[in-house]
Amino acid sequence: VQLQASGGGLVQAGGSLRLSCADSGRTFSWYVMGWFRQAPGKEREFVAAITWSGGSTYYADSVKGRFTISRDNAKNTVYLQMNSLKPEDTAVYYCAADPRTYYRGTYYYASDAEYDYWGQGTQVTVSS
């Protein structure tokens, strides 16, 4: 598994960005995929997760209603559509893959310890 995140940048408050995370492997559809973020001086925090076929999605309360996670297994890619961005969304965003092929639940999918593979991160900066 090799994850490559992209799509970050500088945007004004209220704007939108779409992050992408592509996997160069052939088993992408086997993984639950997650997005996390880390702001300067803060711990990494959960943003969103999506199960294998996209049937279930999970969000942090801070992004519910503004962010949407989706995936395209034919393209080995997971997306994070971010709308109504706020300055507090500024962080490095990481995608991650959970290789377990059985359902674990919200508690685990929101924990970075659940994920074995990580992308390199993409910077999102929201100006006020």
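Residues numbered from 1 in each chain as written. Predicted model: local features only at pLDDT ≥ 70, side-chain atom pairs only at ≥ 80, totals over all residues. Heavy atoms only, no water.

A. Examining the overall build of the chain more closely. Helix and strand content of the chain: one helix and eleven strands. Mapped from its N terminus to its C terminus, the chain presents α and β elements in the order β-β-β-β-β-β-β-β-β-α-β-β. Computed over the C-alpha atoms, the radius of gyration of the chain is 13 Å, within 12% of the 14 Å expected from 2.2 N^0.38 for a compact globule of 128 residues. Taken along its principal axes, the extent of the C-alpha atoms in the chain is 40 × 25 × 25 Å. Buried residues in the chain amount to 44% of all 128 residues. (Helix = DSSP H or I, 4+ residues; strand = E, 2+ residues; numbered from the N terminus. Rg over C-alpha atoms; globule rule 2.2 N^0.38 Å. Buried < 20%, exposed > 50% of the residue type's maximum accessible area, 1.4 Å probe, protein only.)

B. Structural context of the packing of aromatic side chains. Considering all chains together, one arrives at eight aromatic pairs under this definition. Ring centres of tyrosine 58 and tyrosine 109 lie 5.5 Å apart, and the angle between their planes is 50°; on these two criteria the pair is classed as tilted. You can see tyrosine 58 sitting in strand 6 (residues 57-59) and its partner tyrosine 109 sitting in helix 1 (residues 106-109), a full 51 residues away along the chain. The structure contains a cluster of three or more aromatic residues connected by ring pairs, namely Phe36, Phe46, Tyr115 and Trp118. Between arginine 44 and the ring centre of tryptophan 118, over which it is positioned, the NZ or CZ distance is 3.9 Å. (Phe/Tyr/Trp six-rings, centres within 6.5 Å; stacked < 30°, edge-to-face > 60°. Lys NZ or Arg CZ within 6 Å of the ring centre and 35° of its normal.)

C. Just the pairing of strand 3 (residues 17-23), in detail. Judged by how many residues are buried, strand 3 sits mostly within the fold: five of seven residues are covered. Strand direction decides the pairing type here: strand 1 (residues 3-6) and strand 3, joined by four bridges, are antiparallel. Across the sheet, leucine 3 pairs through a bridge with aspartate 23, a residue of strand 3. By the bridge criterion, six bridges tie strand 3 to strand 8 (residues 77-82) in an arrangement that is antiparallel. (Pairing = 2+ DSSP bridges.)

D. Spotlight on the state of the cysteines. Taken as a whole and judged by the stated rule, the model has one disulfide. Here cysteine 21 connects covalently by a disulfide to cysteine 95, the sulfurs 2.0 Å from one another. Of note, the bridge from cysteine 21 to cysteine 95 carries an S-S torsion of about 60° and is right-handed in sense. Residue cysteine 21 is located in strand 3, and its partner cysteine 95 is located in strand 9 (residues 91-98); the two are separated by 74 residues in the primary sequence. Exposure class is identical for cysteine 21 and cysteine 95. Each is buried. (Disulfide = S-S within 2.5 Å.)

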